[in-house]
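So the chains spell out like this:
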Number of protein chains: 2
Amino acid sequence: MQIAILLYEGVTALDAIGPYETLSRLPDARPVFVADRPGLVRNEKGSLGLFADAALGDVPTPDLIVVPGAPDTSGPRESAAVRDWLRAADATSTWTTSVCTGSLILAEAGLLTGRRATTHWHELDVLASYGVQATGDRVVTDGKYVTAAGVSSGIDMGLTLAGRIGGDRVAQSIQLLIEYDPQPPYDAGSPQKAPADIVAELRPAA
Amino acid sequence: MQIAILLYEGVTALDAIGPYETLSRLPDARPVFVADRPGLVRNEKGSLGLFADAALGDVPTPDLIVVPGAPDTSGPRESAAVRDWLRAADATSTWTTSVCTGSLILAEAGLLTGRRATTHWHELDVLASYGVQATGDRVVTDGKYVTAAGVSSGIDMGLTLAGRIGGDRVAQSIQLLIEYDPQPPYDAGSPQKAPADIVAELRPAA
């Protein structure tokens, strides 16, 4: 099972690494990080470099596509190369997935039109503007399209998908191996739970 | 605040990226990935390349040290360069931290002797063999030493430390930005919670 994880300049690292750490532990997983061209890609802050081992054209028919997000997805959304690759790869993929604003990149390619999907809580309106039924759920499965909410939700998505692909036992084994027994010291992980003034401060201007 | 995140061949990526995604969002954070020498480092599976921007000697006095783990930490544990750097950097650090089996690397450098600390559930006995009070807790703080359990626990550690460094409000803002509202599809993230036969299968031979 070939898993293509898209990288691009400015990507949010955890969006990519959450699904990677879960899905790469599936039996027969062959993950590959792909980008416009192979080489070093800098994350949103510039302080982390991730390496793309393959060009888009090297990975034309992945079984599973993972599209991570970023604070600014205009680069990949406006890239004809990314859009064409996504459309062609999606035509034969078993699963097409995203984390955070990665769903905006899928939407731009026309792959989520009319479907239920999710994204970072900041961007639900933008996702809806693509003709997507934008839910605020953490992980949304609509057919073969699995989308996750902001950043850290890619771990939950990866485990959900691991269960669909490998069965509950395999997914539970992965959860135990990565000791995913979350104990956040605060309960501020969603706009419904965080203090209202923090939500107001962080919500993007309309 | 300079944050040095150690990289080495075979590292577990999420061990490094969990703390990175939380701590790098602190005001004034200056994260830098360091390794024996600058350049590409492959993770435990070889399918992910992370880039070290600095050599150990380039970052002699970080304010915060993060040591991620790996299934096999013999490389960094047996490296005199890593050990010497850790001891010297720890002499002036404000916080010295680890995720997963990163605590074994700190312990090998003698930094955890007699202290309370944690590690991946696989390796609690090994940690104890260094004269460390090895608890099974997810995040353990003993003075300036903050250690986290397996892999994904680095996110909880990062938020805990973010609260200590920046205050509750900053930590809650970071939690909301990365939408860390965990909803694992299974409840198998610790040996106490996972099905007993899975724990038995994954527990290393004594």
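Residues numbered from 1 in each chain as written. Chains lettered and ligands numbered in written order. Predicted model: local features only at pLDDT ≥ 70, side-chain atom pairs only at ≥ 80, totals over all residues. Heavy atoms only, no water.

For chain A, an unreviewed UniProt entry supplies the name Glutamine amidotransferase and the organism Streptomyces varsoviensis.

K.L.:
Explain the packing of helix H6 (residues 153-166) of chain A against helix H7 (residues 168-177) of chain A to me, and be specific about the residues and the numbers.
P.N.:
Residue and element names in this part refer to chain A. Two elements in contact, H6 and H7, have axes separated by 6 Å at closest approach and are oriented at 145 degrees. In the crossing of H6 with H7, the sense of the turn from one axis to the other is right-handed. Mapping the contact onto sequence places Leu159, Ala162, Gly163 and Gly166 in H6 and Asp168, Val170, Ala171, Ile174 and Gln175 in H7. Along the lines of polarity and charge, the residues of the contact of H6 with H7 split into 5 nonpolar, 3 polar and 1 charged. (Axes fitted to C-alpha atoms, helices over the stretch in contact; angles between N-to-C directions. Helix = DSSP H or I, 4+ residues; strand = E, 2+ residues; numbered from the N terminus. Left-handed = near helix turned anticlockwise from the far one by under 90°. Contact = heavy atoms within 4.5 Å. Nonpolar A, V, L, I, M, F, W, Y, C, P; charged D, E, K, R; others polar.)

K.L.:
Which residues make up the pairing of strand S1 (residues 2-6) of chain B, and what values go with them?
P.N.:
Residues and elements named next belong to chain B. Among the 5 residues of S1, 5 are classified as buried, and the element is accordingly described as predominantly covered. Alternating positions in S1 separate into two faces, Gln2, Ala4 and Leu6 on one and Ile3 and Ile5 on the other, with burial throughout. Bridge count between S1 and strand S2 (residues 30-35): 5 bridges; the pairing is parallel. Residue pairing in the sheet places Ala4 in a bridge with Val32 of S2. Where the polypeptide runs from S1 across helix H1 (residues 13-23) and back to S2, its parallel neighbour, the crossover connection is right-handed. Bridge count for S1 against strand S6 (residues 64-67) is 3 bridges, and the pairing is parallel. Bridge pairing in S6 links Ile3 to Leu64. (Buried < 20%, exposed > 50% of the residue type's maximum accessible area, 1.4 Å probe, protein only. Pairing = 2+ DSSP bridges. Right-handed = clockwise from strand over helix to strand, strands pointing away.)

K.L.:
Can you break down the relation of the copies chain A and chain B residue by residue, with the values?
P.N.:
Superposing chain A onto chain B takes a rotation of 180 degrees combined with a translation of 0.0 Å along the rotation axis, leaving an RMSD of 0.0 Å. Taken together, the rotation and translation relating the two chain copies correspond to the operation of a two-fold axis. Among all residues of chain A, the one whose C-alpha sits closest to the rotation axis is Leu50(A), at a distance of 2.4 Å. Of the residues that chain A buries at the interface, 100% are likewise interface residues in chain B, meaning the two copies contact each other through the same surface. (Least-squares fit on C-alpha atoms with pLDDT ≥ 70 in both.)

K.L.:
Describe the confidence of the model for chain A, and please don't skip the residues or the numbers.
P.N.:
When pLDDT is averaged along chain A, the result is 97; 100% of the residues meet or exceed 70. Here the predicted complex carries an ipTM of 0.97, next to a pTM of 0.97. (pLDDT = per-residue confidence, 0-100.)

K.L.:
An account of the nonpolar core is requested, with residue identities and associated values reported.
P.N.:
Counting 124 residues, the largest nonpolar core has Leu86(A) and Leu86(B) as its most contacted members. Aside from chain neighbours lying at most four places away, what touches Leu86(A) is Ile65(A), Val67(A), Ile105(A), Leu106(A), Ala109(A) and Leu111(A). (Core = buried A, V, L, I, M, F, W, Y, C linked by side-chain atoms within 4.5 Å.)

K.L.:
Lay out the sheet that holds strand S2 (residues 30-35) of chain A with the relevant residues and their values.
P.N.:
As a general point, the strands of a sheet are linked pairwise by backbone hydrogen bonds and lie either parallel or antiparallel. Residues and elements named next belong to chain A. Ordered by their spatial adjacency, 7 strands build an open sheet running S5-S2-S1-S6-S7-S11-S10, and the pairing between neighbours is mixed. Bordering the open sheet on either side are strand S5 (54-55) and strand S10 (139-142), each of which pairs with just one other strand. In this fold helix H3 (residues 80-92) packs onto strand S1 (2-6), S2, strand S6 (64-67), strand S7 (95-99) and strand S11 (145-148), with an angle of close to 150 degrees to the strand it touches most, S6. Along the sheet, H6 contacts S6, S7, S10 and S11; its crossing angle with S7, the most-contacted strand, is approximately 160 degrees.

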